[in-house]
Amino acid sequence: MIKVSQLLKTVSTADGDLNILRGIDLEIEPGASAAIVGASGSGKSTLLGLLAGMDVPSGGEIWLDGESLNELDEDQRARLRAEKVGFVFQSFQLLPALTARENVMLPLELAGVSDAEQIAEQFLVEVGLGERLSHYPTTLSGGEQQRVAIARAFARQPRILFADEPTGNLDTRTGERVIELLFELNGRASTTLVLVTHDERLAARCDRCFAMTAGEIVER
Amino acid sequence: MTSGLSWKLLSREWRSGELGILLLALVMAVSVVVGVSSFVSRLQSALLSESARFLAADMVLVSRTPVSDEWVQEAESQGLVTSLGVGFPSMAVADIDHMALVSIKAVSTGYPLRGDLRWSREPYGDVIAEGSIPAVGEVWLAPRLFALLDVSLGDQILVGEAELRVTGAVRGEPDATTAVFGFGPRLLMNVGDIPATGVIQPGSRVEYRLLLGGDRSAVSSFTEWVEPLLGQGQRVDSIDGSQPRINDTLDRAQGFLLLAGSLAVVLAAAAITLASRRFGERHTQYVAILKSLGARSWEISRLYGFSLAVLGAIGTVVGCAVGWAIQAGFIQLLGDLLPVEPGPAGWKPVLIGMVTAAVCMVFFAWPPLRRLGLASPLSVLRADVGIADSQRPQDYLLGGLSIVALMWWYSGSAAVTLAVIAGLSVVMGLGFFAARGLLSGGRRVGGFAGSIWRVALAGLQRRGRANALQMVIFAMAIMLMLLLSVVRSSLIGQWQAQLPIDAPNHFLLNLAPEEKPVLEGFFREQGVATEALYPMTRGRILSVNAEVLPEWREVEGEGVPRQREANFTWSDDLPEGNVLLDGEWWDADDSRAWISLEEGFAQDIGAGLGDRLSLRIGAAELEAQVRSIRKVDWQSMRPNFFVVFPRQVLEQYPGMYMTSFRLLPDQKPVLNQLVSVLPTVTVIELDIVIREMRTVIDQVARALELVLGVILVAGALVLISGVRSSLDARLKESALMRALGARSRLVLGTLWIEFLVLGAMAGGLAAAGTEVAAWALQTRVFEMNWTPTLALWWIGPVTGALIVGTLGVWSCRRVVNTPPVTLLREV
């Protein structure tokens, strides 16, 4: 389902080239859940951006659901995301001008789904926000915002879900509830889940756990 | 992405208020352009009809022989209205002891076709301006004639063989400056009485004037028809040539108004650019989220292109309506204060508004939004990822070229456009190359300063590129406002200098040398100030370098040298107001036969420096060599001469004297006494002419001030947009400072310093740009003398600092009265 071979990412800095990822090899089966853990600056988020096709590698290759990202241009990678990928971010990344319902509708509308509104409402009810459909993000708590983000991620029924520190901005109790929700929906939809986290408890709930250190990865 | 989704996203964007800012900038841009240009159009058409007033018609056919009936019929068949006038000098006789040489004007029904004939029942009574003329058998006299002829209302006077009854006093004729028939005071009568007078005989000095009025196309088509048919002594006077001084004033006023309109276009573009950049910056993250959710670049471009098109349409319609309302409200509000009755604006302002909106949208609003398609979705994971190369040089180039084209189209003047572009180029050149250097230098200075200064100057340097751009925009707006103020002041100053309040308003001719002491004594007694007395001898230029010039009647066409008769004078010094173009002036005791010629006169006779001329004065002939060529200011109210000799050369020939002097309205009866003391002198009264000119100049000056006001408001709006463009970054930093414990005083002080420094530097740049543009405009467009406006160099920085500082701190005032956490969440 997700296959990474000899992945490199190098950026130029004033002090010369900086190798952020140094030959990553990785394979995650369909429907599995995987956690990537590591210290700040170890390259976790860079790897996630590359896996989701939001950035291009300096070397190596990535296959997502059988498609090689290296052969796709930016717009084709965007189409792939629209069709197969969902996202949950640490900072929620909801559009402040849109209501909870409209935020969930957005990826459905981008994919041309006709009954976007009903689907969005259904998912918001599932995450427990049936009463908050018309609320704007600024009027929702952090946990509620993350639940809207989860509803948005699952509404398109993606084959793969990437989550970047999904509990990073939440308190422990709220974080736990969000994790429950995430795994529950993931289990129901048989989505491949890749999440980046500092949270060892969250990592422990995943089928596999990879640790990153200085741009290199090992499975624990 | 479907257009349905584009509509949905557009409506959601609209609800968020972000699009509203862009729309507001567009509406402002279009409404200022439409408002200024329609106001200018209405003033222009009003000023054009104002200048028609000086002809009393839209066009006049002047002839020494009666105008053919066929021509009158042709004019009327082309839709023109006509009115016939006849002018000639003659004697008016009340009785054997009271007679006067008068300048007679006989008019027919309809006179004047433009402007008002002002008259009163008593010589100096209440003025009536309703449309009437003396009835057949009646005359109206200049007030002074009542005393000269010793007549009052109802008395009879003789003009030739006709006995006419005095029924009113002429107080003002619109065409007093263009229809002059001899030097005497005016007598106005009905053209129907002319045959009864019997004064017009073959060979009489008579001027027939066929006044024509109608729309411009009919006037020009009749002009084209009649011009080939004109014979000797016939000509067509149009608005353009009727009154050089007034035309000059109106031409310059028009230049100013077009300049103002062009500046409105530049300000509009600046406002749109700022708003669009801010919109683009605020939407980078929005687009990154859309892209992370699968939106493709072209879909993003289509979304924003669609949004912009809808915004453009709404902005254009609303802007045109608001602009129209602004000028209508302006005219309504000003009411009687308006210098002239406003004319129609036509559709051009709306067209200009639409084209301005389209150009602003495509070349200024679109580039920052088009770049949004390049936003990296990665920035949803990493906040430090922005849009690389957010604005390309070609965007600026295309924008610049489009604005040049727009200004050129709008002003119709390459010179106006180039002058403004020259100033703006100086601002941009200096701004981009010097501003960043100064800002980084500022930090080094700040290193030695107190903490507020250090923080402020570090802030300026940190956002160096954005600040340089912001400074240039501020400088452009300030420059345009300063430029318009400077040009307005120098135009009005020059107009007022041309017609100073104490300018002489009467000329006195034919004063015999032995009468000089009498006149001087009389004026002293009456308290009348005079210019110097100028000797005046009539003479004729016969040949140049022994080549005899043909007489006037022997030559056909313009530009062929011919004999000229002129008034000669002598002078020890170069006459006041004259400029020596070539050659040298003579010493006061020089007795050689030198001669100095006015440049146009020298051309007429085909003479240049060093040429030998033969002249005739009375019966004597003399030879003289051209010693200098002079430029004469014909617009001054001083006696001016084509030909000047050294004193010792001309003094030996018999001659008379002339002078000019100033009389206040209540001193007019002095003229009657003067004529009785010195009965042979001739007095030319120019007071009415000067009053008319001053009225027009005052009106035009007021119109310029109104337009300047509109542009200042537009400039202020651009400054506000400029301040807003950097608001988010400043609010965020200030909120962070407060969150870290900085007191309000430090935060506000920092903001004050940042904006004051930016404003002062922008003001300095603006002063430099203004000097360059003002030089180009004054020397190339308005044909005025240029002197540097030194005051700009302190007015620019001080006003820049005050305006930008105040606006900036006012816009950021929330930072001290809103909890930092709220601000941080918002931005």
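Rules of the game
Residues numbered from 1 in each chain as written. Chains lettered and ligands numbered in written order. Predicted model: local features only at pLDDT ≥ 70, side-chain atom pairs only at ≥ 80, totals over all residues. Heavy atoms only, no water. Helix = DSSP H or I, 4+ residues; strand = E, 2+ residues; numbered from the N terminus. Buried < 20%, exposed > 50% of the residue type's maximum accessible area, 1.4 Å probe, protein only. Contact = heavy atoms within 4.5 Å. Areas by Shrake-Rupley, 256 points an atom, 1.4 Å probe, with all protein chains shown as cover. Axes fitted to C-alpha atoms, helices over the stretch in contact; angles between N-to-C directions. Parallel < 35°, antiparallel > 145°, perpendicular 65-115°, else oblique. Left-handed = near helix turned anticlockwise from the far one by under 90°. Pairing = 2+ DSSP bridges. Phe/Tyr/Trp six-rings, centres within 6.5 Å; stacked < 30°, edge-to-face > 60°. Buried area = accessible area lost by both parts, 1.4 Å probe. Salt bridge = Lys/Arg side-chain N within 4 Å of Asp/Glu carboxyl O. Polar contact = N/O pair within 3.5 Å; in protein donor to acceptor, adjacent residues only side chain to side chain. Nonpolar A, V, L, I, M, F, W, Y, C, P; charged D, E, K, R; others polar. Lys, Arg positive; Asp, Glu negative; His and termini not counted. Patch = residues over 30% accessible without salt bridge, like charges linked within 9 Å, V, L, I, M, F, W, Y side chains within 5 Å. Expected span 1.5 Å × (residues − 1). pLDDT = per-residue confidence, 0-100. Disulfide = S-S within 2.5 Å.

A few words now on the overall build of chain B. Scanning chain B for helices and strands turns up 24 helices and 21 strands. Expressed as a percentage of the 827 residues in chain B, the buried residues total 54%. Excluding contacts between residues fewer than 6 apart, the proportion of contacts in chain B whose partners are at least 24 apart in sequence is 81%. Accessible surface for chain B amounts to roughly 35300 Å². Of this, 58% is attributable to carbon and sulfur atoms.

When you go through chain A residue by residue, the secondary structure sums to seven helices and ten strands. Contacts in chain A between residues at least 24 apart in sequence constitute 69% of all its contacts with a sequence separation of at least 6. Accessible area for chain A stands at about 9100 Å²; split by element, carbon and sulfur atoms hold 45% of it.

With that settled, consider the packing of helix 3 (residues 69-77) of chain B against helix 6 (residues 216-226) of chain B. Residue and element names in this part refer to chain B. Taken N-terminus to C-terminus, the directions of helix 3 and helix 6 make an angle of 150 degrees; their axes are 10 Å apart at the nearest point. As judged from the angle between their axes, helix 3 and helix 6 are roughly antiparallel. Along this stretch, helix 3 crosses helix 6, giving a crossing that reads as right-handed. Judged by residue contacts, Trp-71, Glu-74 and Ala-75 of helix 3 engage Phe-222, Trp-225 and Val-226 from helix 6.

Another point: the pairing of strand 10 (residues 216-219) of chain A. Residue and element names in this part refer to chain A. Inspection of the sheet shows strand 9 (residues 208-213) paired to strand 10 by four bridges, in the antiparallel sense. Pairing of Thr-213 across the sheet is with Glu-216, part of strand 10. In this structure, the hairpin formed by strand 9 and strand 10 is closed by a connection of two residues, where Ala-214 is found at a positive phi of approximately 45 degrees.

The next subject is the packing of aromatic side chains. Residues and elements named next belong to chain B. A full pass over the atoms with the stated rule returns eleven aromatic pairs over all chains. Measuring from ring centre to ring centre gives 5.1 Å for Phe-601 and Phe-642, while their planes differ by 25 degrees; the resulting arrangement is stacked. Remark: Phe-642 occurs in the loop between strand 18 (620-631) and strand 19 (643-645) and Phe-601 occurs in helix 16 (residues 599-605); sequence separation between them is 41 residues. Since its relative accessible area comes to 1%, Phe-601 is described here as buried.

Turning next to the interface of chain B and chain A. Taken together, the 26 residues of chain B in the interface contact 28 residues of chain A. Where chain B abuts chain A, roughly 2500 Å² becomes buried across the two surfaces, and 62% of that area is made up of carbon and sulfur atoms. Along the contact surface separating chain B from chain A lie one salt bridge. For B:Lys291, the salt bridge is made with A:Glu74, and the minimal N-O distance between the two is 2.5 Å. Connecting chain B to chain A are five residue pairs in polar contact (both at pLDDT 80 or more). For the side of chain B that touches chain A, the secondary-structure elements that each account for two or more residues are helix 1 (3-16), helix 8 (244-292) and helix 9 (297-334) of chain B. Its residues assigned to classes, the side of chain B that touches chain A shows 14 nonpolar, seven polar and five charged.

Glancing now at the sheet that holds strand 9 of chain A. Residue and element names in this part refer to chain A. Sheet architecture is open: six strands sit in the order 6-7-8-3-9-10, paired in mixed fashion. If you trace the sheet from one side to the other, it starts and ends with strand 6 (85-88) and strand 10, each paired once. Direction aside, the axes of adjacent strands within the sheet are offset by 20 degrees on average. Strands strand 6 and strand 7 (160-164) of the sheet are contacted by helix 5 (residues 142-155), whose axis makes an angle of about 175 degrees with strand 6.

Considering the arrangement of structural elements, one finds A:Asp75 in helix 2 (residues 74-84). The buried charged residue A:Asp75 lacks any salt bridge partner; its closest oppositely charged side chain belongs to B:Lys291, at an N-O distance of 5.7 Å. Of the polar contacts made by the side chain of A:Asp75, one reaches the backbone nitrogen of B:Ser297; its length is 2.7 Å. Setting aside chain neighbours within four positions, we find A:Asp75 in contact with B:Arg296, B:Ser297 and B:Trp298.

This brings us to the sheet that holds strand 2 (residues 16-28) of chain A. Note on sheets: strands pair through backbone hydrogen bonds, and any given pair is parallel or antiparallel. Residue and element names in this part refer to chain A. Ordered in space as 2-1-4-5, the four strands form an open sheet in which the pairing is antiparallel. Among the strands making up the open sheet, the edge pair consists of strand 2 and strand 5 (67-68). In this structure, strand 1 (residues 2-13) lies alongside strand 4 (residues 59-64), joined through five bridges in antiparallel fashion. Paired with Ile-2 across the bridge in strand 4 is Leu-64. Those strands touched by helix 1 (residues 44-51) are strand 1, strand 2 and strand 4, and its axis lies near 120 degrees from that of strand 1.

So, about the environment of B:Trp495. Among the secondary structure elements, B:Trp495 is positioned in helix 14 (residues 464-498). B:Trp495 sits 203 residues away from B:Asp698 along the chain, and the two C-alpha atoms are 9.1 Å apart.

Moving on, we get to unusual backbone geometry. At the junction of B:Tyr111 and B:Pro112, the peptide bond is cis and its omega measures out at -10 degrees in the coordinates. With respect to the helices and strands, B:Pro112 occurs in the loop between strand 3 (98-107) and strand 4 (118-120). The backbone of A:Glu165 shows a phi angle near 45 degrees, a positive value even though the residue is not glycine. With respect to the helices and strands, the residue A:Glu165 is situated in the loop between strand 7 and helix 6 (172-189). Its identity as a non-glycine residue notwithstanding, B:Ala546 has a phi of 70 degrees, on the positive side. Mapped onto the elements, B:Ala546 comes out in the loop between strand 12 (534-544) and strand 13 (547-548).

With that settled, consider the packing of helix 21 (residues 744-781) of chain B against helix 22 (residues 792-811) of chain B. Helix packing for two helices is described by the angle between their axes and how far apart those axes are. Packing of helix 21 of chain B against helix 22 of chain B brings their axes to within 6 Å, and their N-to-C directions diverge by 145 degrees. With respect to the hand of their crossing, helix 21 of chain B and helix 22 of chain B are arranged in right-handed fashion.

The subject of this paragraph is a nonpolar patch on the surface. All names here are of chain B. On the surface, Ile-314, Val-317, Val-318, Val-322 and Ile-326 cluster together into a nonpolar patch covering about 370 Å² of accessible area. Mapped onto the fold, Ile-314 is located in helix 9. On the basis of relative accessibility, which here comes to 40%, the residue Ile-314 falls in the partly exposed class.

What follows deals with helix 21 of chain B. The periodicity of an α-helix, 3.6 residues per turn, causes residues three or four positions apart to be oriented the same way. The terminal C-alpha atoms of helix 21 of chain B lie 51 Å apart, and with 38 residues this matches the ideal 56 Å at 1.5 Å per residue to within 8%. At the exit of helix 21 of chain B stands B:Glu783, carrying a positive phi of roughly 50 degrees.

All names here are of chain B. When pLDDT is averaged along chain B, the result is 80, and 85% of the positions lie at 70 or above. For chain B, per-element mean pLDDT is lowest for helix 7 (residues 239-242), which scores 57, and highest for strand 5 (residues 138-141), which scores 93. Predicted complex metrics record ipTM = 0.85 and pTM = 0.66.

Let us look at the side chain of B:Asn578. Within the secondary structure, B:Asn578 sits in the loop between strand 14 (564-570) and strand 15 (579-583). Each residue touching B:Asn578, except ones within four places of it in the same chain, is listed here: B:Arg630, B:Lys631, B:Val632 and B:Asn640.

A word on the pattern of salt bridges. All names here are of chain A. Counted according to the given criterion, the structure contains 32 salt bridges over all chains. Residue Glu-184 pairs with Arg-188 through a salt bridge whose shortest N-O separation is 2.8 Å. Taken together, the positions of Glu-184 and Arg-188, both in helix 6 and four residues apart, correspond to about one turn of that helix. Several salt bridges share partner residues, and in doing so they unite Asp-65, Glu-67, Arg-79, Glu-83, Lys-84 and Arg-159 into one network.

Residues and elements named next belong to chain A. Within strand 9, five of the six residues are buried, which leaves it mostly tucked inside the rest of the structure. Of the pairings in the sheet, the one linking strand 3 (residues 33-38) to strand 9 comprises five bridges and is parallel in character. Counterpart to Ala-34 in the pairing with strand 9 is Arg-208.

Checked against the element boundaries, B:Ser411 lands in helix 11 (residues 393-411). In this structure the C-alpha to C-alpha distance between B:Ser411 and B:Gly261, which are 150 residues apart in sequence, comes to 7.4 Å.

Taken as a whole and judged by the stated rule, the model has zero disulfides over all chains. No disulfide involves A:Cys206; its nearest neighbouring cysteine sulfur is the one of A:Cys209, lying 7.3 Å away.

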